[in-house]
Structures are given as C-alpha cells and as structure tokens.
Amino acid sequence: MNGDYILAVEGLCKAFGGLQATSEVSYSMRQGELSAIIGPNGAGKSTFFNLITGFHRPDKGKVLFKGADITSWSSYRIARFGMSRAFQVSNIYPMLTTYQNVRQAILVQQRRTMDLFRRAEHLARKETAELLEVTGLGEHHQEMAGTMSQGDKKRLELALALAIKPDLLLLDEPTAGMSVEETHETMELVARLNRDMGVTILFTEHDMSVVFGYARRLTVLHQGALIADGAPQDVRADEEVQRVYLGEEV
Amino acid sequence: MSKKILAWAGAVFAALLLLPMVLGEFWVLVLTEILIMGLFAVSFNMIFGYMGQLSFGHAAYYGVGAYTTGLLMVKFGLPLGLSLLASMVMAGAVALVLGYFCIRLTGIYFAILTMAFGQLIFYIIFQWYDFTGGDNGLQGIRPPEMLDGAWSYYYFALLVVTAGVFVMWVISESPFGYTMRAIRDNTQRTRFVGLNTKKYMLINFVLAAMFAGLAGGLWGPFNRSLSPDLCNWHQSGVPVFMTIIGGPAGFVGPLIGSVIYTFLMAFVTGFTEYWPLTIGIIITMVVLFLPGGVWGLVERYSAALPAREEPPVDPEGEAP
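Since the model is a prediction, treat every value here as computed from it, not as a measurement.

**Thoughts on the confidence of the model for chain B**
Caution applies to low-pLDDT parts of the model: their predicted coordinates are not meant to be read in detail.
Residue and element names in this part refer to chain B.
In step 1: Per-chain confidence: chain B averages 92 in pLDDT, with 94% of residues scoring 70 or above.
In step 2: The weakest mean pLDDT in chain B belongs to helix α14 (residues 293-303) at 86; the strongest belongs to helix α4 (residues 80-102) at 98.
In step 3: Counted against residues more than four places away or in other chains, residues 307-320, with its pLDDT under 50, gives 21 contacts.
In step 4: At the level of chain-chain contacts, confidence expressed as ipTM amounts to 0.90, with global pTM at 0.91.

**Section: the sheet that holds strand β9 (residues 217-222) of chain A**
Note: strands within a sheet are paired through backbone hydrogen bonds, in either parallel or antiparallel orientation.
Residue and element names in this part refer to chain A.
In step 1: The 6 strands are arranged β6-β7-β8-β3-β9-β10 in an open sheet whose pairing can be described as mixed. Edge positions in the sheet fall to β6 (83-86) and β10 (225-230), since each has one partner strand and no second. Sheet twist, expressed as the average angle between the axes of neighbouring strands with direction ignored, equals 20 degrees.
In step 2: As paired elements, strand β7 (residues 168-172) and strand β8 (residues 200-204) share 5 bridges and run parallel to each other. Residue pairing for β8: L168 is matched across the bridge by T200.
In step 3: In this fold helix α6 (residues 180-196) packs onto β3 (34-38), β7 and β8, with an angle of close to 155 degrees to the strand it touches most, β8.

**Some words on the interface of chain B and chain A**
When the parts of a complex come together, some accessible area is lost, and that lost area is often used as the size of the interface.
In step 1: Of the residues lining the interface, 29 residues belong to chain B; the matching set on chain A comes to 39 residues.
In step 2: Only α7 (150-172), α8 (175-185) and α9 (187-192) of chain B provide two or more residues apiece to the side of chain B that touches chain A.
In step 3: Broken down by element, the residue count for the side of chain B that touches chain A peaks at 8 residues, all from α8(B).
In step 4: For the side of chain B that touches chain A, the class distribution of residues is 13 nonpolar, 8 polar and 8 charged.

**Considerations on the sheet that holds strand β1 (residues 5-16) of chain A**
All names here are of chain A.
In step 1: With antiparallel pairing, the 4 strands of this open sheet are ordered in space as β2-β1-β4-β5. Here the strands that pair on one side only, and so sit at the sheet edges, are β2 (19-30) and β5 (68-69).
In step 2: Where β1 meets strand β4 (residues 60-65), 5 bridges bridge the pair, whose relative direction is antiparallel. Residue V9 lies in a different strand from β4, and its bridge partner there is V63.
In step 3: Running over the sheet, helix α1 (residues 45-52) touches β1, β2 and β4 and is turned about 65 degrees from β2.

**Topic: the domain arrangement of chain A**
Residues and elements named next belong to chain A.
In step 1: Entries for chain A in the domain assignment read domain 1 (1-82 + 166-250) and domain 2 (89-165).
In step 2: Inter-centroid distance (C-alpha atoms) of domain 1 to domain 2 is 25 Å.
In step 3: Between domain 1 and domain 2, the contact holds 12 residues from the first and 10 residues from the second.
In step 4: It is α6 that contributes the most residues to the side of domain 1 that touches domain 2, 4 residues altogether.
In step 5: When the residues that make up the side of domain 1 that touches domain 2 are grouped by side-chain class, the tally is 7 nonpolar, 3 polar and 2 charged.

**Topic: the pairing of β6(A)**
All names here are of chain A.
In step 1: With burial as the criterion, each face of β6 is covered, one bearing M83 and R85 and the other bearing S84 and A86.
In step 2: Here 4 bridges tie β6 to β7, and the two strands are oriented parallel to one another. Looking across to β7, one finds that M83 is bridged to L168.

**Quick notes on unusual backbone geometry**
Residues and elements named next belong to chain A.
In step 1: In this model, R111 sits at a positive phi of 60 degrees, which is unusual for a non-glycine residue.
In step 2: Considering the arrangement of structural elements, one finds R111 in the loop between α3 (98-109) and α4 (125-134).
In step 3: What makes R111 exposed here is the crowd of 11 C-beta atoms within 10 Å.
In step 4: Here Q223, not a glycine, exhibits a phi torsion of approximately 50 degrees, which is positive.

**Examining the pairing of β8(A)**
All names here are of chain A.
In step 1: Counting buried residues along β8, 5 of its 5 residues qualify, which places the element largely inside the surrounding structure.
In step 2: Here β8 shows two buried faces, one formed by T200, L202 and T204 and the other by I201 and F203.
In step 3: Direction of pairing for β3 relative to β8: parallel, over a ladder of 4 bridges. The partner of S35 across the bridge, within β8, is L202.
In step 4: With α6 bridging β7 and the parallel β8, this β-α-β connection has right-handed handedness.

**Overview of the environment of A:L193**
Residues and elements named next belong to chain A.
In step 1: The topology assignment puts L193 in helix α6.
In step 2: For the pair formed by L193 and L162, sequence separation is 31 residues and the distance between their alpha carbons is 9.3 Å.
In step 3: Residue contacts for L193: discarding those within four places in its chain leaves V199 and I201.

Calculation notes
- Residues numbered from 1 in each chain as written.
- Chains lettered and ligands numbered in written order.
- Predicted model: local features only at pLDDT ≥ 70, side-chain atom pairs only at ≥ 80, totals over all residues.
- pLDDT = per-residue confidence, 0-100.
- Helix = DSSP H or I, 4+ residues; strand = E, 2+ residues; numbered from the N terminus.
- Contact = placed C-beta atoms within 7 Å.
- Pairing = 2+ DSSP bridges.
- Axes fitted to C-alpha atoms, helices over the stretch in contact; angles between N-to-C directions.
- Nonpolar A, V, L, I, M, F, W, Y, C, P; charged D, E, K, R; others polar.
- Domains from an automatic or database assignment.
- Buried ≥ 20, exposed ≤ 12 C-beta atoms within 10 Å, placed from the backbone.
- Right-handed = clockwise from strand over helix to strand, strands pointing away.

If you want it as structure tokens, here you go:
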C-alpha cells in the first residue's frame, strides 16, 4: 500500500461468537472516489463500517487512513482525524433543535467545545446557517430534531457528519426511509459534495437505481467476504454476484 | 430571550434583597437554607439534567466542602472567603479521583457507583474522630463578626449563591453546556463527530462537585456545626427530590424545587413529625401527575404564548 490511498484496509477479520462477520477483507480507496458497497442483508456492510470507524476493534488486519495506522484508535480520534460517518438508523440529538444539532457539530469542528463562558447562541452562526441551507434543512431549523420526519432526520444526520469537514465520508444507507424525491435530492447532494468539495465518499445502499446512478465503483460483500470489486457495469455482469443475489436483477 | 431572562433574574434578586426586611428571624434562616440548598440542587442538575446521569452521591462533595470550610476555620483559623474557595478546590479534587471511575458507567450503574463512593466519604468522615470529630460532629464554626447574625449571613449567602448560580448558568449556555446536552441526547453521535465524551463528562462532574462544595462550605458557618450526616445518602436524595419537584429540564427547576422543598419542610415540621411521609406523598404526586416538575408546567403554559426565540439565521456572521 502506498500514500496514494486515502483508505487502505488489509486482511480485516471480525467474528461475533461463531459468526464470521468480516473475513479477510482488503479494500482501498483513492482520494476523490464515490463508491458503493452492496450485499444482501447480513453481508457485513455495517460491521465493515464499524471496524474502520473504531466502533469495533478487528480481530485481525489493519486499517490505514491518510497514511496513518488507525486500527487501534478510538472512534472520536478517528473522526477528528477526518473520517466521518452517518448511521443507518438516524443518529441525532432528539431533544435539541435542528439548528442546535448542526451548531453543536460545527463547534466540535471549530474546537470550541471546551469554551465555558461564551454563549453558544452567538457562535458559528454563519457556518450553521450555510450547512442547514446546503442540506435543505433551513426551514426546519427551529424544530426539535426528534419530531422531524424520517427523511429529514437522515438529512440532519448527513449534516452532522458533514459538519466536521471530513476527508472521507461513510454513509450507511443514506436514503433509507426517504421518498423518491428526497432520495434523488440527497444523492444529488452527495454527488455534489464529492464533485465540488472533493470529499471521498463510500456508501452502502439497498436501492440499486441509486447505486448504479451514482457510484463510480462498486464492491460486493457476501457473508463477510469481498466477492467482487470494480466498475458497476463489470460487477453487474459478474457471475458470482448474480448467484449471490439469487437471480435478482442486479 | 436573554433580556427576558435577565429581567426575571433581576426581579427575583430584588425580591430576595427586600424580602428579609419584612420577615422574622426564623423565615430569614429558612430563606438562607433555600439559597444554600438551591445552589446544591443546581450543581446536582449539571449532572442530572444536562449530562443525563443520576448522581446519587452528590452529598459527598457537599460534605467535603462543608468539612473543608469547617475544619479550616475551626482548626486553622482561616477566613471564611478563603475557606470557601478551598472547599471548591477540595470537592473538585475528590470528584476528579472518584469521577474518573464513575463516568465510565451510565444509567443505574453510574447511580450506584456515585452512591457507593458517597458512602465511602461518609464513613471516612464518620470514623475519623481525631480530625473530623466523627459522629460527634464539628462544633464552633462561627462566621466572622460582620456576618454573625441571621440577616447579615443571609445577605452574604445571597451574594455567594447568586454568583455560583450565575456562573453555572453561563456554563449551561456555553458550547461546553451544549456539549453536555449533546452527550445526554446521544453519546455515540458525539463520539463520532470527534469528541472524547468521557473527558467532557469528567470535567462536568468535577465542575458540579465544585459548586456542591461551595454550597457545603456555606452551610457550616450558617449552622454553626457539622455532622457526618451531611454526606450521607439521605442528603444525596435531597437535590434529587428538589430537582424532580422543580423540573430538571430548565435551569431554574432545581431552584424552584429548593424553595418548595425547604419551605414545606420548615412549615410542615412546625406541626407534625411526619415530614418524610409528607415529602413522599408530594414526590409521588409530582412523578405521577407532573412529570416535568413545576418548571415543566410553566414551560407548557408559556409554549402557548409566542414561540421561543431562536438565534436568527444570520448570514453576516457571528455577533461580536
């Protein structure tokens, strides 16, 4: 592995009891990629994300991010180092307003959270307003985050992940629970982040139209192992992938 | 929003300044107790309401503060002001050590461990006859002559408590205060945006203990004596009750709780010995019928009025 890769994973293994959730997965990403990981339920996509973001520790293998070995780092240190993540089930601050949610994440990025004496209300106004605008949450800024629709919560989750200005953004089913229109808007935003701001993005997704519409590279996990990796069209034609999806139209 | 809060705070402060002028000594003593316990309860709520963890050993820090001031004044003749500062430092130092373990746990385990450590402090003070006086307590803590009277000590307590509560309010509105709310709402998310949540929880735990220590420090010269019961788990229950009655969601909830609890105790114990029964019934009623406490009720009614002001989305940037 050399410095060209923003993310390089080597021989990653993780078992839960007798279940091999991730087995010998090696995977790498270059700066600026927009890639997807797919696989049937239980293929190990979320575990893979958990392993590289420090939520679980791998039994074996190595994770290199921006040239540093982050395998044993804690999740907050990895996030601070530039890898951000949005969860499958929206993971927000339900008792704060949408505005306060986003502001909180921005204050973390600005390293201001140890400030005991200035009023949070007066800080990071411009950045918060901008990010709310970009993620299409502007009109919801006064709402309690916990009371918003599922789609809006997912968008807020994306905003929180973005607020820390990551180099690598991991999105676990970013459009789950969204309407067709919301899905389209969200994926356009993801594509824009990748194109205009140079954020490297890796996402998992069930909706194949989203995967083939946006990902430039596709990786398939099955029973914890990586079985195909390449351009979406090639992966689609792969026999083993066809077999895994049991003849589903991939 | 800020102006409204300041106006309210000013009105309450003015009332607290004027009220003792028309009250007899007994009620001035009750008012002083309300202030001291209010400070204690607000410090407790830094952990309960803002960090989302129930400390059932907060009296340990109150007691450490009380004994620090008491011992420094009686044994070493230190002035009150300096002793109060020492109380904050001592309580904070003890909290730094004990909190290091407590913040590793959450929920019921956090509550149990804080309580266990609280009892540890209680037994140390209880058994250490040579130094603390053990269960004989510590007597003869007299405030300086200038403050040696119900009214003058009340005004001194008012000053110290107001300062303490004000600082805690500033903290609660700061980025740090919002970080505590974030940890309360979703610790995992907070870690995944890049914060070492345990470090923040420990700092908050220490800060809360320091203000509990300050409240404890005020108690000795007020009561003239200390007993180890100040650190016992009953005493840890008092801010819990106050906060439940007043409401943990708002900053002023514990203060309202202190007013209700302390006033009722003074009133009820005047004619019956069944105070524990009385407060038991009240707590039951509040939990069943008023889950947000008194402050929750106030908020529900004011929600029907004009919407709460939010920071305007201002593209021009930060306010100075």
